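# Chains, contacts and geometry: an overview
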Amino acid sequence: MEVRSRAPGKIILAGEHAVVHGSAAVAASIGLYTSVSVRLSSPNDNDDTLTLHLMDVGLEFSWPVGRIKEMLPDSVNNDASSPATCCEETTKLILTALKDFKIPDAKIGIASGVIAFLWLYTSILGNKAAKVIVSSELPLGAGLGSSAAFCVSLSGALLALSDSVQVDFDQEGWVSFGEKDQQLANRWAFEGEKIIHGKPSGIDNTVSTFGNMIKFKSGVLTCIKSNMTLKMLITNTKVGRNTKALVAGVSERKNRHPDAMTSVFTAVEFISNEFASIIQTTTCSDDEVVEKEQRIRELMEMNQGLLQCMGVSHASIETVLQTTCKYQLTSKLTGAGGGGCVLTLLPALLSATVIDKVIRELEQCGFQCLIAEIGGNGLECRFDGRS
Ligand SMILES: Nc1ncnc2c1ncn2[C@@H]1O[C@H](COP(=O)(O)OP(=O)(O)O)[C@@H](O)[C@H]1O
Ligand SMILES: C[C@@](O)(CCOP(=O)(O)O)CC(=O)O
Ligand SMILES: [Mg+2]
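If you're wondering where the values come from, they're calculated on a predicted model, not measured in any experiment.

Parameters and conventions
- Residues numbered from 1 in each chain as written.
- Chains lettered and ligands numbered in written order.
- Predicted model: local features only at pLDDT ≥ 70, side-chain atom pairs only at ≥ 80, totals over all residues.
- Heavy atoms only, no water.
- Helix = DSSP H or I, 4+ residues; strand = E, 2+ residues; numbered from the N terminus.
- Rg over C-alpha atoms; globule rule 2.2 N^0.38 Å.
- Buried < 20%, exposed > 50% of the residue type's maximum accessible area, 1.4 Å probe, protein only.
- Contact = heavy atoms within 4.5 Å.
- Areas by Shrake-Rupley, 256 points an atom, 1.4 Å probe, with all protein chains shown as cover.
- Near = heavy atom within 4 Å.
- Polar contact = N/O pair within 3.5 Å; in protein donor to acceptor, adjacent residues only side chain to side chain.
- Nonpolar A, V, L, I, M, F, W, Y, C, P; charged D, E, K, R; others polar.
- Axes fitted to C-alpha atoms, helices over the stretch in contact; angles between N-to-C directions.
- Parallel < 35°, antiparallel > 145°, perpendicular 65-115°, else oblique.
- Left-handed = near helix turned anticlockwise from the far one by under 90°.
- Phe/Tyr/Trp six-rings, centres within 6.5 Å; stacked < 30°, edge-to-face > 60°.
- Lys NZ or Arg CZ within 6 Å of the ring centre and 35° of its normal.
- Patch = residues over 30% accessible without salt bridge, like charges linked within 9 Å, V, L, I, M, F, W, Y side chains within 5 Å.
- Salt bridge = Lys/Arg side-chain N within 4 Å of Asp/Glu carboxyl O.
- Lys, Arg positive; Asp, Glu negative; His and termini not counted.
- Charge placed at Lys NZ, Arg CZ, Asp CG, Glu CD.
- Domains from an automatic or database assignment.
- Buried area = accessible area lost by both parts, 1.4 Å probe.

### Observations concerning the overall build of the chain
When helices and strands are tallied, the chain shows 11 helices and 13 strands. For 387 residues, the compact-globule estimate of 2.2 N^0.38 gives 21 Å, and the C-alpha radius of gyration of the chain, at 21 Å, lies within 12% of that figure. When burial is assessed residue by residue, the chain has 54% of its 387 residues classed as buried. For the chain, the share of sequence-separated contacts (at least 6 apart) that also reach a separation of at least 24 residues comes to 77%. Carbon and sulfur atoms make up 49% of the accessible area of the chain, which totals about 16700 Å².

### What to know about the site of ligand 2
Close contacts around ligand 2 come from 19 residues, with Lys 10, Gly 145, Ser 201, Arg 241 and Thr 243 the closest. Side-chain polar atom of Thr 243 to an oxygen atom of ligand 2: 2.9 Å apart, as the coordinates give it. Compared with its free state, where it exposes 390 Å², ligand 2 has 98% of that area covered by protein. When its residues are assigned to classes, the shell around ligand 2 shows eight nonpolar, seven polar and four charged.

### A look at the packing of helix 3 (residues 110-125) against helix 5 (residues 179-197)
Here helix 3 crosses helix 5 at 150°, and the two axes come no closer than 8 Å. On the basis of their axis angle, the class for helix 3 and helix 5 is roughly antiparallel. Where helix 3 crosses over helix 5, the handedness of that crossing is right-handed. Residues Ser 112, Gly 113, Ile 115, Ala 116, Trp 119, Leu 120, Ser 123 and Ile 124 of helix 3 pack against Trp 188, Glu 191, Gly 192, Ile 195 and Ile 196 of helix 5. A per-class count over the contact of helix 3 with helix 5 returns eight nonpolar, four polar and one charged.

### Things to note about the side chain of Gln 182
As for its placement among the helices and strands, Gln 182 is situated in helix 5. With near-sequence residues (within four places) excluded, Gln 182 lies in contact with Phe 177, Thr 209 and Phe 210.

### Focus on the packing of aromatic side chains
By the definition in use, this model includes five aromatic pairs. Summarising the aromatic geometry, the rings of Phe 117 and Tyr 121 are spaced 5.7 Å apart at their centres and angled 40° between planes, so their arrangement reads as tilted. Placement of the pair is Phe 117 and Tyr 121 together in helix 3, with a separation of four residues, close to one helical turn. Members of the aromatic cluster, connected to one another through ring pairs, are Phe 61, Trp 63, Phe 101, Phe 117 and Tyr 121. Positioned above the aromatic ring of Tyr 33, the side-chain terminus of Arg 6 is 4.2 Å from the ring centre.

### Comments concerning a negative patch on the surface
Together, Asp 286, Asp 287, Glu 288 and Glu 291 line one region of the surface with negative charge. In this structure, Glu 288 sits in helix 9 (residues 286-309). The partly exposed category is assigned to Glu 288, whose relative accessible area is 34%.

### Some remarks on the domain arrangement of the chain
Along its sequence, the chain is carved into domain 1 (2-222 + 375-383) and domain 2 (228-370). In this structure, domain 1 and domain 2 have C-alpha centres spaced 27 Å apart. Of the roughly 2500 Å² buried between domain 1 and domain 2, counting both surfaces, carbon and sulfur atoms make up 64%. For domain 1, the biggest contributors to the area lost against domain 2 are Leu 13, His 17 and His 21; these three give 26% of the whole. There are two salt bridges connecting domain 1 and domain 2. The shortest N-O distance in the salt bridge between Glu 16 and Lys 332 comes to 2.9 Å. The interface formed by domain 1 and domain 2 includes 13 residue pairs in polar contact (both at pLDDT 80 or more). If you list the elements that add at least two residues to the side of domain 1 that touches domain 2, you get strand 1 (2-14), strand 2 (25-40), helix 5 and strand 7 (213-217). Among the elements that make up the side of domain 1 that touches domain 2, the one with the highest residue count is strand 1 (five residues). Here the side of domain 1 that touches domain 2 is composed, by residue class, of 17 nonpolar, nine polar and five charged.

Listed below in structure tokens is the structure:
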């Protein structure tokens, strides 16, 4: 039996990092997906292994199912309908077992993804033999939420094969989960994000599961309905970084300067709330659009300044800001920062010639530019037949 699922990446329009400390943030899904295919082995296959193929990094892992039961005796007994947290001891145990695979140093960040996979797989499906393939249209570790899309698409496919959700597989093509099942997939994905991020806010897995545009604060999601077309240029600086380390760095700065950092997070809360309210107000005339874009630009500029206060900007991000500023365009980092991706607001009346010029100049710096669809569907599954 084979199930495929896909979950989108995201951009954070306002509030990254501060959201980890309880402030509001605004995020939207983007039209770039991580896809997972899970094929359960049948008795005829005569195959007693669980295989994970990570196409984006060219790595394959495989474990005899007996070894999995030894390695993860607790999670194989977990209940798929009650998301559970992977304890530190289990993480260390899996990490030790992963040494057999000799992951190259340059790809060592992948280990946390493999731990998240093993935790989610064994907790939801036990120790069944299967072949799992993961591939993504998202750059990994660049601020576009690849870790969340990985955990959401995995949770979705695994739950679809469990007895815990009801998916109508008679439908053709991609099928969305019902709201209760989306919530269950989201809670499992959050458990996976904890393994990859350390201390996630939950915004990335939530927007990847539910799609569209959301405001998120302390675990609570509010859907944002907007008739304003937001167009953002996404520039990948291609400077690698790790969300877990950046999130931990901000927490350490908060411990050193609690009052100053609390004020920074409070300022971000006001920015996110104002951002959400601007995009939610119905816009009628071109003048109104221009006025709203002006306000959004200022909010992005302030948010970027505060992210710099948190210590998560980077020379490459500053280069993008300076380059786009030459064209009177405003940018801010998105995601964890420290490199990764930068958003630039493209006003509705901006000419295609200017957009081409700014993209060319950014690409000359060695960056990669893309314009993605904002606010599409979240987690979806499809059924590819019985074997
Ligand atoms: N397609 C994928 N294949 C393997 N691992 C993945 C994939 N997508 C995400 N990951 C895991 O997520 C990590 C990147 O997450 P993170 O540092 O939070 O950056 P981001 O979420 O911004 O892309 C990777 O190092 C890996 O462990
Ligand atoms: C920095 C943070 O706000 C977003 C991280 O996003 P990403 O992993 O860099 O795509 C962390 C979080 O909210 O969990
Ligand atoms: Mg991430």
